[in-house]
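# Examination of the molecular architecture
The lines below spell out each chain.
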Amino acid sequence: MADLQTTTAREEPAPKGFKLLNTTEGQVTVLRIGKKTGFLNHGQKPVAFPDEKNIVQPATQELLRAIYDTDASYAQLIEAPAGYKAPWASK
Amino acid sequence: MSVVTPISLAACPRARAGIKVLWAANCATVATLTFDEDRQITAITMVVATPANTFKRIEFEENTAFFNQAKTRNKSAVNVAQTVSFIEPGLSLLVRNALEDLNGNCCVHAIIKDNSNNYHYAGISYDAEADEWFSDNMKTGEGSSNTNTDPTADQAEYIETLTGNSLFYAPFWSLGEAGIPVA
């Protein structure tokens, strides 16, 4: 998994209110963030995954928005604030 | 689902036979799979543990492995028997023990990369209408360890299989090799 990377969020602050639907401690989702592969920590504690070299931090609002914006299917993982329109919503 | 979808023949379809590599994990390590509208997997949620729950890469002799999905119609029901078969050349302690470990799993998920660079997620059934999936209890099936007889024509080898029964053909995995969590 050498080319797995955690994508940094966009510059502008994300609107508050993105929520993880699954908040189980000790679970990590591998998914796409933009065009890269990344990790989503569902808990509040940092976890090493898939090995000790990669510490996945708890999700920030910016990360949640970046994931949410990537693909419509990620609305199954993250709830957006009311009125928020993802780029894929207009397609 | 009473829908008929057109199928257009590609001018140059990617249809190379065989599989390149596979990755396997115990079902219990996978908490959730996320599917998109195209019924392909776009995310995998793993249960983190120490040592890490990850997929393990399984390599084999080139052009000896296949992933066969045999569909049968049983009155109103469809069943797909999934079989992965691969050959490990040479009889060695490492491979013998790895195969024993694989045989110790009674429920496996396998991501299979074919020779056309498609990724198939075997060992689960996905019901698109309900948007629900479940594990098929895929496990190892028939196999052998064989010295064979003629050094001028044969080789010593292990043959191993993974088998399971699914609702339909394995869903596609959209995250590529980079998205497969391996330690």
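Throughout what follows, the structure given in this document is the object of discussion.

Parameters and conventions
- Residues numbered from 1 in each chain as written.
- Chains lettered and ligands numbered in written order.
- Predicted model: local features only at pLDDT ≥ 70, side-chain atom pairs only at ≥ 80, totals over all residues.
- Heavy atoms only, no water.
- 1 Å grid on protein atoms, 1.4 Å probe; cavity = no way out; pocket = protein on both sides within 12 Å on 5 of 7 lines; lining within 4 Å.
- Points joined across faces, edges and corners; volume = space filled by probe spheres on them.
- Helix = DSSP H or I, 4+ residues; strand = E, 2+ residues; numbered from the N terminus.
- Nonpolar A, V, L, I, M, F, W, Y, C, P; charged D, E, K, R; others polar.
- Contact = heavy atoms within 4.5 Å.
- Buried area = accessible area lost by both parts, 1.4 Å probe.
- Salt bridge = Lys/Arg side-chain N within 4 Å of Asp/Glu carboxyl O.
- Polar contact = N/O pair within 3.5 Å; in protein donor to acceptor, adjacent residues only side chain to side chain.
- Pairing = 2+ DSSP bridges.

### A word on the layout of surface pockets
Residues and elements named next belong to chain B. By volume, the largest pocket amounts to about 800 Å³. Taken together, 22 residues line the largest pocket, and the ones lying closest to its centre are Arg39, Tyr126, Ala128, Phe168 and Tyr169. Where the lining of the largest pocket is concerned, the elements lending two or more residues are strand 5 (66-74) and strand 9 (124-127). With 4 residues, the top contributor of residues to the lining of the largest pocket is strand 9. Grouping the constituent residues of the lining of the largest pocket by class yields 11 nonpolar, 5 polar and 6 charged. Of the voids in this model, the second largest pocket is the one considered here, and its volume is about 390 Å³. Along the walls of the second largest pocket sit 20 residues, with Ala24, Lys56, Ile58, Ala98 and Leu102 positioned nearest its centre. Among the elements that make up the lining of the second largest pocket, the one with the highest residue count is helix 1 (residues 93-103) (5 residues). For the lining of the second largest pocket, the per-class residue count stands at 10 nonpolar, 5 polar and 5 charged.

### Section: the interface of chain B and chain A
Taken together, the contact pairs 22 residues of chain B with 22 residues of chain A. When the buried area of chain B at its contact with chain A is split by residue, Thr45(B), Val48(B) and Ala178(B) rank highest and sum to 29% of it. Scanning the region where chain B abuts chain A turns up 0 salt bridges. Across the contact surface, chain B and chain A share 7 residue pairs in polar contact (both at pLDDT 80 or more). Elements represented by at least two residues in the side of chain B that touches chain A include exactly strand 2 (30-35) and strand 3 (41-47) of chain B. Among the elements that take part in the side of chain B that touches chain A, strand 3 of chain B stands out by supplying 6 residues, more than any other. When its residues are assigned to classes, the side of chain B that touches chain A shows 14 nonpolar, 6 polar and 2 charged. Inspection of the sheet shows strand 2 (residues 27-33) of chain A paired to strand 3 of chain B by 5 bridges, in the antiparallel sense. Note on strand 3 of chain B: the bridge partner recorded for Thr29(A) is Thr45(B).

### A word on unusual backbone geometry
Residue Pro50(A) is bonded to the preceding Phe49(A) through a cis peptide linkage, with omega at 0°. Residue placement: Pro50(A) occurs in the loop between strand 4 (47-48) and strand 5 (55-56). Positive phi, normally seen in glycine, also occurs at Asn137(B), with a value near 55°.

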